2 protein chains.
Amino acid sequence: MGEFDVIERFFKTRFAVDRDDLLLGIGDDCALLNLAPGHQLAVSSDVLVEGVHFFSDVDPQTLGHKCLAVNLSDLAACGAKPKAFTLSLTLPSIDEAWLRAFSDGLYALSKMHACALIGGDTTRGPLNIGITVLGEIPKGQALVRSGAKTGDDLYVSGTLGDARWALLALNGHMPVDKGRLQTLRARLESPTPRVDLGLALRGVASAAIDLSDGLLGDLAHVLKASQKGAQLQVLDMLQSQLVSEDLRTLAPDQALKLMLQGGDDYELLFTAPKSKAQALKALAQELNLPLTVIGQVTENAGIELLHAPSLLDTETLKSLCSYDHFV
Amino acid sequence: MGEFDVIERFFKTRFAVDRDDLLLGIGDDCALLNLAPGHQLAVSSDVLVEGVHFFSDVDPQTLGHKCLAVNLSDLAACGAKPKAFTLSLTLPSIDEAWLRAFSDGLYALSKMHACALIGGDTTRGPLNIGITVLGEIPKGQALVRSGAKTGDDLYVSGTLGDARWALLALNGHMPVDKGRLQTLRARLESPTPRVDLGLALRGVASAAIDLSDGLLGDLAHVLKASQKGAQLQVLDMLQSQLVSEDLRTLAPDQALKLMLQGGDDYELLFTAPKSKAQALKALAQELNLPLTVIGQVTENAGIELLHAPSLLDTETLKSLCSYDHFV
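Residues numbered from 1 in each chain as written. Chains lettered and ligands numbered in written order. Predicted model: local features only at pLDDT ≥ 70, side-chain atom pairs only at ≥ 80, totals over all residues. Heavy atoms only, no water.

Novice: Just checking my understanding: could you explain the relation of the copies chain B and chain A for this structure?
Specialist: The operation relating the two chain copies consists of a rotation about an axis and a shift along that axis. Of the transformation superimposing chain B on chain A, the axial component is 0.0 Å and the angular component is 180 degrees, with the fit at an RMSD of 0.0 Å. The superposition of one copy onto the other is thereby described by a two-fold rotation axis. Both copies share a contact surface, since 100% of the interface residues of chain B are interface residues in chain A too. (Least-squares fit on C-alpha atoms with pLDDT ≥ 70 in both. Contact = heavy atoms within 4.5 Å.)

Novice: Whenever I open this one, helix α9 (residues 252-261) of chain B confuses me. Can you help?
Specialist: Residue pairs three or four apart in sequence face the same way in an α-helix, which turns once every 3.6 residues. If you check which residues of α9(B) are buried, you get Ala255(B), Leu256(B), Leu258(B), Met259(B), Leu260(B) and Gln261(B). Phi turns positive, to about 45 degrees, at Gly262(B), one or two residues after α9(B). (Buried < 20%, exposed > 50% of the residue type's maximum accessible area, 1.4 Å probe, protein only. Helix = DSSP H or I, 4+ residues; strand = E, 2+ residues; numbered from the N terminus.)

Novice: What is the right way to look at the interface of chain B and chain A in this model?
Specialist: Reports of interface size often rely on the accessible area that becomes lost once the parts have come together. The interface is formed by 59 residues belonging to chain B together with 60 residues belonging to chain A. In total, chain B and chain A occlude about 5,000 Å² of area from one another, counting both sides; carbon and sulfur atoms represent 57% of this. Of the charged contacts, one joins Arg145(B) and Asp28(A) as a salt bridge, the two residues approaching to 3.8 Å between their closest N and O atoms. On inspection of chain B and its partner chain A, the count reaches 23 residue pairs in polar contact (both at pLDDT 80 or more). The element contributing the most residues to the side of chain B that touches chain A is strand β3 (residues 39-49) of chain B, with 9 residues. Residues that form the side of chain B that touches chain A fall into these classes: 29 nonpolar, 18 polar and 12 charged. The sheet contact formed by strand β3 (residues 39-49) of chain A and strand β2 (residues 31-33) of chain B spans 3 bridges and is antiparallel. Looking across to β2(B), one finds that Ala42(A) is bridged to Leu32(B). (Buried area = accessible area lost by both parts, 1.4 Å probe. Salt bridge = Lys/Arg side-chain N within 4 Å of Asp/Glu carboxyl O. Polar contact = N/O pair within 3.5 Å; in protein donor to acceptor, adjacent residues only side chain to side chain. Nonpolar A, V, L, I, M, F, W, Y, C, P; charged D, E, K, R; others polar. Pairing = 2+ DSSP bridges.)

Novice: Please clarify how the nonpolar core should be interpreted in this entry.
Specialist: Most often, soluble globular proteins keep nonpolar side chains buried together rather than apart. Residue and element names in this part refer to chain A. In this structure, Phe 11, Phe 85, Leu 87, Phe 102, Leu 106, Leu 201 and Phe 270 are the most contacted members of the largest nonpolar core, which totals 55 residues. For this core, the leading source of residues is helix α2 (residues 60-78), giving 10 residues. Setting aside its immediate chain neighbours within four residues, Leu 87 contacts Phe 11, Phe 102, Leu 106, Leu 117, Gly 119, Gly 120, Asp 121, Ile 129, Gly 130 and Ile 131. Grouped together as the second largest cluster of nonpolar side chains are 41 residues, Leu 184, Ala 207, Met 237 and Met 259 included. (Core = buried A, V, L, I, M, F, W, Y, C linked by side-chain atoms within 4.5 Å.)

Novice: What is the right way to look at the packing of helix α1 (residues 3-12) of chain A against helix α3 (residues 96-112) of chain A in this model?
Specialist: Helix-helix packing is described using two parameters, namely the angle between the two axes and the distance between the axes. Residues and elements named next belong to chain A. Viewed as axis vectors pointing N to C, α1 and α3 meet at an angle of 40 degrees, and their least axial separation amounts to 10 Å. The pairing of α1 with α3 is recorded here as oblique in orientation. On α3, the residues that touch Val 6, Arg 9, Phe 10 and Phe 11 of α1 are Glu 96, Leu 99, Arg 100, Phe 102, Ser 103 and Leu 106. Across the contact of α1 with α3, the residue classes tally to 6 nonpolar, 1 polar and 3 charged. (Axes fitted to C-alpha atoms, helices over the stretch in contact; angles between N-to-C directions. Parallel < 35°, antiparallel > 145°, perpendicular 65-115°, else oblique.)

Novice: Hey, could you run me through helix α10 (residues 277-287) of chain A in this one?
Specialist: All names here are of chain A. Within α10, the full set of buried residues consists of Leu 280, Leu 283 and Ala 284. Looking straight down α10, one finds its buried side chains confined to an arc of 100 degrees; they lie on one side. In this structure, α10 carries Gln 278, Lys 281, Gln 285 and Glu 286 as exposed residues pointing more than 90 degrees from its buried face. Residues of α10 that are buried sit in contact with β7 (153-157), α6 (195-200), β10 (268-272) and β11 (291-298). (Arc of directions from axis to C-beta.)

Novice: Looking at this model, I keep getting lost on empty space enclosed by the protein. Mind explaining?
Specialist: Remark: the empty space left among the atoms is shown by a probe the size of a water molecule rolled over them. Applying the stated criterion to the full structure yields 1 cavity of 30 Å³ or more. What lines the largest cavity is a set of 14 residues, and nearest its centre among them are Val47(A), Ser88(A), Gly130(A), Ser88(B) and Gly130(B). Elements represented by at least two residues in the lining of the largest cavity include exactly β4 (81-91) and β6 (128-138) of chain A together with β4 (81-91) and β6 (128-138) of chain B. Across the lining of the largest cavity, the residue classes tally to 4 nonpolar, 10 polar and no charged. (1 Å grid on protein atoms, 1.4 Å probe; cavity = no way out; pocket = protein on both sides within 12 Å on 5 of 7 lines; lining within 4 Å. Points joined across faces, edges and corners; volume = space filled by probe spheres on them.)

Novice: Looking at this structure, how should I read the environment of Ala225(A)?
Specialist: Residues and elements named next belong to chain A. One can find Ala 225 in helix α7 (residues 215-226). For the pair formed by Ala 225 and Arg 145, sequence separation is 80 residues and the distance between their alpha carbons is 5.9 Å. Once residues lying within four places of it in the same chain are set aside, the contact partners of Ala 225 are Arg 145 and Ser 146.

Novice: Which parts of the structure should I look at to understand the pairing of β11(A)?
Specialist: The side chains of a regular strand alternate, first on one face of the sheet and then on the other. All names here are of chain A. One ladder, built from 5 bridges, connects β7 with β11; its direction is antiparallel. By the bridge assignment for β11, Ser 157 is matched with Leu 291. The sheet contact formed by strand β9 (residues 229-233) and β11 spans 4 bridges and is antiparallel. Bridged to Gly 229 within β11 is Thr 298.

Novice: Just to check I follow, could you spell out the sheet that holds β3(A) for this structure?
Specialist: Backbone hydrogen bonds are what pair the strands of a sheet, in a parallel or an antiparallel way. One open sheet holds the 6 strands; their spatial order is β5(A)-β4(A)-β6(A)-β3(A)-β2(B)-β1(B), and the pairing between them is mixed. Only two strands of the sheet have a single partner each, and these edge strands are β5 (116-124) of chain A together with β1 (22-24) of chain B. Neighbour to neighbour, the strand axes of the sheet diverge by 20 degrees on average, direction disregarded. Looking at chain direction, β4(A) and β5(A) are connected through 8 bridges and run parallel. Bridge assignment links Leu89(A) to a residue of β5(A), and that residue is Thr122(A). Its contacts with the sheet put α1(A) on β4 and β5 of chain A, and the angle it makes with β5(A) is roughly 145 degrees.

Novice: Teacher, can you tell me more about the packing of aromatic side chains here?
Specialist: Think of a pair of aromatic rings as described by two things: how far the centres are apart, and how the planes are tilted against each other in angle. Residues and elements named next belong to chain A. Tallied over the entire structure, the rule returns 8 aromatic pairs over all chains. Between Tyr 155 and Phe 270 the ring centres are 5.0 Å apart and the planes differ by 0 degrees, which places this aromatic pair in the stacked class. On the criterion of sequence distance, the pair formed by Tyr 155 in strand β7 and Phe 270 in strand β10 is long-range, its members being 115 residues apart. Relative accessible area serves as the criterion here: at 0%, Phe 270 is assigned to the buried category. (Phe/Tyr/Trp six-rings, centres within 6.5 Å; stacked < 30°, edge-to-face > 60°.)

Novice: When you look at the sheet that holds strand β12 (residues 302-306) of chain A in this model, what are you seeing that I'm missing?
Specialist: All names here are of chain A. As summarised here, the arrangement of the 6 strands in space is β8-β10-β7-β11-β9-β12, forming an open sheet in which the pairing is mixed. In the strand order of this sheet, the two ends are held by β8 (207-210) and β12, each with one partner. Averaged over neighbouring strand pairs, the angle between their axes works out to 25 degrees when direction is ignored. With respect to the sheet, α2 is in contact with β8 and β10, its orientation differing from that of β8 by roughly 175 degrees.

Novice: Can you help me understand the pattern of salt bridges in this one?
Specialist: Two side chains with opposite charge may pair up if their charged atoms get near one another. Here the structure, examined in full by the defined rule, presents 28 salt bridges over all chains. Two residues, Glu189(B) and Arg185(B), come together in a salt bridge whose shortest N-O distance is 2.9 Å. Here Arg185(B) and Glu189(B) lie together in helix α5 (residues 178-189), a separation of 4 residues that amounts to about one turn. Here Arg185(B) falls in the partly exposed class, since its relative accessible area comes to 23%. Bridged by salt links that share partners, the residues Asp162(A), Arg187(A), Arg194(A) and Glu267(A) form one connected network.

Novice: Hey, could you run me through the side chain of Thr292(A) in this one?
Specialist: Structurally, Thr292(A) is set in strand β11. In contact with Thr292(A), other than residues within four places in its own chain, are Leu154(A), Tyr155(A), Val156(A), Ser240(A), Gln241(A) and Leu242(A).

Novice: Whenever I open this one, the environment of Leu287(A) confuses me. Can you help?
Specialist: All names here are of chain A. Of note, Leu 287 is situated in helix α10. Relative accessible area serves as the criterion here: at 26%, Leu 287 is assigned to the partly exposed category. For the pair Leu 287 and Leu 197, spaced 90 residues apart in sequence, the C-alpha separation works out to 7.5 Å. Beyond its immediate sequence surroundings of up to four residues, Leu 287 is in contact with Asp 196 and Leu 197.

Here it is, written out as structure tokens:
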């Protein structure tokens, strides 16, 4: 089976989507798309590499889900509506069962968001999955990182730290019950991109980012772009819905460390003026998704963890901000 | 040096482009772009993998050029004007000298076409370079593969087969003088995307494709999409400007084989009605680029190589159509 057969069999026919803004999809030199009148294009690219972003024995179906999910999460952080994506698939060999399962996971999420596969590249080499996703958004309504204002509340959706626990457990760095590992691993490998939340935050949030690298690291990006600082109410966080049922079984310092350091959460971190508090409470109910206030935006740079020194040792506090893909 | 330092140092500041249709580039969750009124978006993705698409000792500057060039070539084949691109860079380690040279080559071509780097991903792993390029095109004017009509002339730009000779020579499968290898290798590693030609072919060509996999393979894609066949005037091809000075030094059957099998030519193959012959002659002069008629589109499927059996042995004729990335 060659490159063109792989595309035809696992992707082209299957992913055909009936969207009248797609004029030409897989199978020409370029895909052709129309943009809705009065709209802007949002573009993001993310790559997943074997041994770096996922384990070699990962279920290919969840991998197909995750590689699109992390890209949709970027669209969500901008408040953009998913439109289409390209898939650049580097494969060590043609494994039909693997491709079938991978395509299953990818297709299910793509269909859920009417996000059409419009092209890409399939080639031989060490497993590497690159996706570029396109979304659209009414002009001027995009959520960006730079809009946080002093006094805004800081919000996080869902729960934090579950994916990190799974990663540490799978690497043998943290103990976990077998039953619990299954739910934690699902949080790591099958994140839910908060697309509906992102759309609802247009005109409500002042800034937003998706949590891929961990709460403190990603918060730092928002604060840097906005030229602000933040105070986090660490004790409140520990008593909030931000702590999953699984993390509640841990000692508070362990749970807090996982939540602050995080990584692979794919929740949204956003800021909003206090005047939006009621609207956000209603939105949380409507989406059936916790939206937790974790602190406030401050005028002066830096992140202050209120009460953290009473919970965490100095070494842990120091290490919390150092995550980087190449470190 | 971490991921964010790499982006900042080698890409973000350097590639800043002043285009008023780019509202947000590198450094947020998504890039934001406007599309010109009455225009469509053209999108294409191509990946280059070490050991598959380039040698490990390739000059990183030419690699930076090539990975964007092959993507711009896809835009050219659609008649789209380059607008922006994302770069997904998987690197085994942070080699500053390598990154500087790579970024030099990428930047030079990006600047030449005012094609802005708007985002991407930088991660660790076996060397893999994925680019997704965005172009724009007035609605309804895109060149597609499916438009070839019976009786149209088949054209190819530039020269064919040089890159293939370079590849065979570098792999030790074909002899070459040292001096000659340098020019041939430049054709393999620094292809010129035919962007201006693609723009000029709007309203002139009936179908187009860029030659990445080889003349016969890519011609087959056009014919399949158009439900047509073709006759190639092999003797005329051998006496035309399609044969480079380098290939002229070979026996005719060797030259012909390289030209037909090709690969990595990144010239445009297009079809046009005979009524456009004068306009295309003038265009070739204007662009200072040979545009050679290699045959005609026929009603019945299949590619007929006129006079080829007198030049090539049966084995060679048989092997000409079998190229595929996974074979």
